[in-house]
Amino acid sequence: MEVTGLFDTHCHLDDEKFDADRDQVLSRCLEHGITHCLVAGSDVASSQACVTLAAQHPWIYAAVGVHPHVAQNVQPEYLTELRALAQDARVVAIGETGLDYYYDNSPREVQKERLIEQLELATQLGKPVILHVREAHGDMQQLLNQRGTDHPGGIIHCFTGSLESAQHYISLGYYISFAGALTYKNADRLRRVAGRLPLERLLIETDSPYLSPVPLRGCRNEPHHVRFVCAALAQAHGLDTQEVADITRRNALKLFGLPADA
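Okay, so let's go over this structure.

Criteria and thresholds
Residues numbered from 1 in each chain as written. Predicted model: local features only at pLDDT ≥ 70, side-chain atom pairs only at ≥ 80, totals over all residues. Heavy atoms only, no water. Helix = DSSP H or I, 4+ residues; strand = E, 2+ residues; numbered from the N terminus. Buried < 20%, exposed > 50% of the residue type's maximum accessible area, 1.4 Å probe, protein only. Contact = heavy atoms within 4.5 Å. Core = buried A, V, L, I, M, F, W, Y, C linked by side-chain atoms within 4.5 Å. Arc of directions from axis to C-beta. Phe/Tyr/Trp six-rings, centres within 6.5 Å; stacked < 30°, edge-to-face > 60°. Lys NZ or Arg CZ within 6 Å of the ring centre and 35° of its normal.

### Details of the environment of Val244
With respect to the helices, strands and loops of the structure, Val244 is situated in helix α9 (residues 241-255). According to the relative accessible area criterion, Val244 is buried, its value standing at 0%. In sequence terms Val244 and Leu202 are 42 residues apart; their C-alpha atoms lie 9.4 Å from each other. The residues touching Val244, leaving out its near neighbours within four places in the chain, are Cys230, Leu233, Ala234 and Leu239.

### Describing the nonpolar core
Within the largest apolar cluster, 69 residues are counted, with the highest numbers of intra-cluster contacts made by Leu131, Ile176 and Phe178. In this structure Phe178 touches Phe159, Leu190, Ala194, Leu197, Leu202, Leu203, Ile204, Glu205, Val229 and Leu233, once residues within four positions along its chain are discounted. Within the second largest apolar cluster, 16 residues are counted, among which are Ala63, Leu203, Ala252 and Leu258.

### Focus: helix α7 (residues 188-195)
Considered for burial, the residues of α7 that qualify are Leu190, Arg191, Val193 and Ala194. The buried residues of α7 all sit within an arc of 155° when viewed along its axis, so they share a single face. Of the surrounding elements, those touching the buried residues of α7 are α6 (163-171), β7 (174-178), β8 (202-204) and α8 (226-237).

### What to know about the packing of aromatic side chains
Scanning the model with the defined rule gives three aromatic pairs in all. With centroids separated by 6.2 Å and ring planes inclined at 85°, the aromatic side chains of Phe159 and Phe178 adopt a geometry described as edge-to-face. Linking Phe159 in the loop between β6 (154-157) and α6 with Phe178 in strand β7, this pair joins segments that are 19 residues apart in sequence. Phe178 matches Phe159 in its accessibility class, with the two residues each being buried. Directly above the ring of Tyr102 sits Arg134, whose terminal nitrogen or CZ lies 3.7 Å from the centroid. We note Arg217 situated over the ring of Tyr184; from NZ or CZ to the ring centre the distance is 3.6 Å.

### Overview of unusual backbone geometry
Both trends apply: most residues other than glycine have a negative phi, and most peptide bonds are in trans. Backbone torsion omega between Gly95 and Glu96 reads 15°, so that peptide bond is classified as cis. Here Glu96 shows up in strand β4 (residues 91-100). Of the consecutive residues Ser208 and Pro209, the connecting peptide bond is found in the cis state with omega at 15°. With respect to the helices, strands and loops of the structure, Pro209 is situated in the loop between β8 and α8. Non-glycine residue Glu135 carries a positive phi angle of around 55°. Looking at the element boundaries, Glu135 is found in the loop between β5 (129-134) and α5 (137-146). Note on Glu135: relative accessible area 56%, which makes it exposed. The backbone of Asp207 shows a phi angle near 60°, a positive value even though the residue is not glycine.

If you want it as structure tokens, here you go:
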């Protein structure tokens, strides 16, 4: 039996890899149990594309933000532009933003500046933030700790860190979101971490078109593949996949301030 009621909390349906067959991809989402998707912006232009896409499909929502990879490329007015986009009712989060010390495509201090600016924007707007953290958990946690209780809350997206890191983020009010890495054969440690975290603070995502899960590694990822992530998370908790789909969907609806029947 197919799983239903899946919420992919992070995908990039605006990506050019979907340009040739985006309508068919969207159809497959609905055919394979997806009821909600969040498309996340990575710069001002992609954020605008995400808002446009969400306006065209009632089951798609948007986040607007600037990714750490392009933090050094933004124009001075970028925050004003993000703020304007965030007024749209389909925009339910700010992001993705964060720190990426693996690629270091932007200087680390610039990444921090853009992150702080977007955290403050999210707090001002009362919207959660989507945080990208790669090989930067120490600096991210230090930065968040320095804010005291001034947190917008949100998501640690595509989590692959330690149990201690996850628990710290949860203590600050964040949700932990797992993607395709949870399904990889060498991810026993990550599955053990996932199995020890409270289900009421967990989410699932694809980050499509990237990070295809097993058994589809090497293929373009699509939002409906989130069902494989859901199955891996369910197995880590010893639960039925449909039950975890329902729990993670309710978590996402709560986080994004959406009604239960959205």
